[in-house]
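Here is what each chain is made of, one letter per residue.
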Amino acid sequence: MLMALLKSPRFVLLERWLGLLVFLMAAIGAAHAQDALKKNTALAGRSTMDQTHSFRGMVFGSSLEEVEKTIKLDSISEEHAKGDPLKIYIRSDEKKSLGDVAIQEVAYYFFEGKFYAVVIATMDYRQTENLRKALDIVYGGSPHREKESQNLVWNGKNTTAFMRSDRVTGEARTMISSNELQKNYERFSRESAVKAASEL
C-alpha cells in the first residue's frame, strides 16, 4: 500500500512541488546571504582604504611634510638607515585598535619621502583572525595564499594587503601598501640587490 501511495500521481505531483519549494528556498537563502554580504561590505567598507587610497586619514603618496601638518610622527629608523630612502615612523598618539581588533603596533613607511605603506601588528590568533575578516570585507573577498610562504594576499585596485602570521603564537604582521608606490619600491630593491651582489 505504501508503494502504491508513493507511485500515485498526487504524491509524484506533491514531490515535485516540494522539490521546487526546496530549490526556491535554497535560491532565496543564497540570494539573501549574498545581499547581506554586499550590505556588510557596503556598510563596513563605505569608504574603505582601497577606495580612498588612505589609512586613518593619511593618503598613500602624501609627502612626509603634508602628513606632519596634521599628524605627529616619530622616526624609528633614522639611526640605522642614513641614506636609505625607506623611513619608518610611528604615531605618538596611535589608537591601539581597529574597531574591536586590538593591535600591538602600527608603523608607517615612507619611501622617497612619500607615504608608501602601513604595517599593523596583531598579538594573537583571535585578533589576527578578526583583522583577516576585516580585510575580506575591505577587499570584497577572501585572500589568496602565496605558494611558497603560505602568506595571505588581498589585491585591490589601489592597495594590496599582505599578512604573515606565526602558526604557533598567532601573532601577525600585516602590510598594506600603495600599488603605485610598490612598483617604485620593487625597482629600488632590485637595484640595491644588484649593487650588493657586485660587492660580494
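Please refer to the structure higher up on the page.
Calculation notes
Residues numbered from 1 in each chain as written. Predicted model: local features only at pLDDT ≥ 70, side-chain atom pairs only at ≥ 80, totals over all residues. Heavy atoms only, no water. Pairing = 2+ DSSP bridges. Helix = DSSP H or I, 4+ residues; strand = E, 2+ residues; numbered from the N terminus. Contact = heavy atoms within 4.5 Å. Axes fitted to C-alpha atoms, helices over the stretch in contact; angles between N-to-C directions. Polar contact = N/O pair within 3.5 Å; in protein donor to acceptor, adjacent residues only side chain to side chain. Salt bridge = Lys/Arg side-chain N within 4 Å of Asp/Glu carboxyl O.

### Points about the sheet that holds strand β12 (residues 172–178)
In step 1: The antiparallel open sheet is built from eight strands, whose spatial order is β3-β4-β7-β8-β12-β11-β10-β9. Looking at which strands have only one partner, the edges of the open sheet turn out to be β3 (73–75) and β9 (144–145).
In step 2: Relative to strand β10 (residues 152–155), β9 runs antiparallel, the two sharing two bridges. Within the sheet, the bridge partner assigned to Arg145 lies in β10 and is Leu152.
In step 3: Against the sheet, helix α6 (residues 179–198) touches β4 (86–91), β7 (105–111), β8 (114–122), β11 (159–165) and β12, its axis set at about 100° to β12.

### Regarding the side chain of His53
In step 1: Counting through the fold element by element, His53 comes out in the loop between α3 (49–52) and β1 (54–55).
In step 2: Polar side-chain contacts of His53 include one of 3.3 Å to the side chain of Ser178.
In step 3: In this view, His53 contacts Met58, Val59, Phe60, Asn158, Thr159 and Ser178; residues no more than four positions away in its chain are not counted.

### Quick notes on the pattern of salt bridges
In step 1: Applying the stated rule across the entire model yields six salt bridges.
In step 2: A salt bridge links Arg56 to Glu94; its shortest N-O distance comes to 2.3 Å. Of this pair, Arg56 sits in the loop between β1 and β2 (58–59) while Glu94 sits in the loop between β4 and β5 (97–98); the two residues are 38 residues apart in sequence, bridging distant segments of the chain.
In step 3: Each of Glu129, Arg132 and Asp136 takes part in salt bridges that share partners, so that together they form one network.

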